[in-house]
Amino acid sequence: MSKVGQKRLPPAISQDNIERPSLARINTQAALGRAGFQVGDRVKIESTGLHAGQIGVVQRLSGGVIPSALVQVESGGARQVRTIDLVPAPKTEGR
C-alpha cells in the first residue's frame, strides 16, 4: 500500500499542558486605556519590548479601539504605546 496522500494524526495532547507557551495573551482592559495623559506629560513605559522601563514624553495621543500615545523616550527613540502600559513618571528635582 502506498503512503502517498495519507495524513498523519496530530500528536496526542496531555491534559496537564493545555496552554501553549507561545500562545498570545490578550489584555482585554487595553481597550479601556488609561485616562489623564496629555501631550507633554512625562511617562514611564511599563510594557515589554525595546523601550520597557524607560521614561519619555507624550508627543501625540490617539483614540480608537485601543487608545495609544506616541512617546519620545530619553534615549532618543520613539514608540507607539498603549495608554494602559503607561504610568506617570516619578517626579525628579528641578523639573
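The coordinates are above.
Treat the numbers as computed from the prediction; the structure is a model and nothing was measured.

Some points on the environment of histidine 51
Here is step 1 of the chain: Within the secondary structure layout, histidine 51 lies in the loop between strand S1 (42-45) and strand S2 (55-62).
Here is step 2 of the chain: In this structure histidine 51 comes out as buried when scored by relative accessible area, which is 8%.
Here is step 3 of the chain: Expressed as a C-alpha distance, the spacing of histidine 51 and valine 73, which sit 22 residues apart in the sequence, is 7.5 Å.

A short note on the pairing of S2
On a regular strand, one side chain projects to one face of the sheet and the next to the other, so that they alternate.
Here is step 1 of the chain: In this structure, S1 lies alongside S2, joined through three bridges in antiparallel fashion. Bridged to valine 43 within S2 is glycine 56.
Here is step 2 of the chain: The sheet contact formed by S2 and strand S3 (residues 68-73) spans six bridges and is antiparallel. Paired with valine 58 across the bridge in S3 is valine 71.
Here is step 3 of the chain: Once S2 ends, the chain turns through five residues before running back antiparallel as S3, passing glycine 64 with a positive phi of about 135°.

Here's the deal with the environment of glycine 33
Here is step 1 of the chain: Residue position: glycine 33 is located in the segment before S1.
Here is step 2 of the chain: Of the residues examined, glycine 33 reaches a relative accessible area of 17% and is grouped as buried.
Here is step 3 of the chain: In the structure, glycine 33 is positioned 51 residues away from isoleucine 84 in sequence and 4.7 Å away in space, judged by C-alpha atoms.
Here is step 4 of the chain: Excluding residues within four positions of it along the chain, glycine 33 makes contact with Pro67, Thr83 and Ile84.

A short note on the pairing of S3
Here is step 1 of the chain: Sheet topology places S3 next to strand S4 (residues 78-82); five bridges connect them, and they run antiparallel. Looking across to S4, one finds that glutamine 72 is bridged to alanine 78.
Here is step 2 of the chain: Connecting S3 to the next strand, S4, in antiparallel fashion are four residues, including glycine 76 with a positive phi near 110°.

Considerations on the nonpolar core
Here is step 1 of the chain: One finds Phe37, Val43, Ile45, Val58, Ala69, Val71, Val73, Val81 and Leu86 forming the largest nonpolar core, which totals nine residues.
Here is step 2 of the chain: Where this core is concerned, the elements lending two or more residues are S1 and S3.
Here is step 3 of the chain: Per-element accounting of this core gives the leading share, three residues, to S3.

Examining the side chain of serine 47
Here is step 1 of the chain: Following the sequence through the fold, serine 47 ends up in the loop between S1 and S2.
Here is step 2 of the chain: What makes serine 47 buried here is its relative accessible area of 12%.
Here is step 3 of the chain: Engagement of the side chain of serine 47 in a polar contact is seen with the side chain of arginine 79, the distance being 3.2 Å.
Here is step 4 of the chain: Dropping the residues within four chain positions of it, serine 47 is found in contact with Ala52, Arg79 and Asp85.

Rules used throughout
Residues numbered from 1 in each chain as written. Predicted model: local features only at pLDDT ≥ 70, side-chain atom pairs only at ≥ 80, totals over all residues. Heavy atoms only, no water. Helix = DSSP H or I, 4+ residues; strand = E, 2+ residues; numbered from the N terminus. Buried < 20%, exposed > 50% of the residue type's maximum accessible area, 1.4 Å probe, protein only. Pairing = 2+ DSSP bridges. Contact = heavy atoms within 4.5 Å. Core = buried A, V, L, I, M, F, W, Y, C linked by side-chain atoms within 4.5 Å. Polar contact = N/O pair within 3.5 Å; in protein donor to acceptor, adjacent residues only side chain to side chain.

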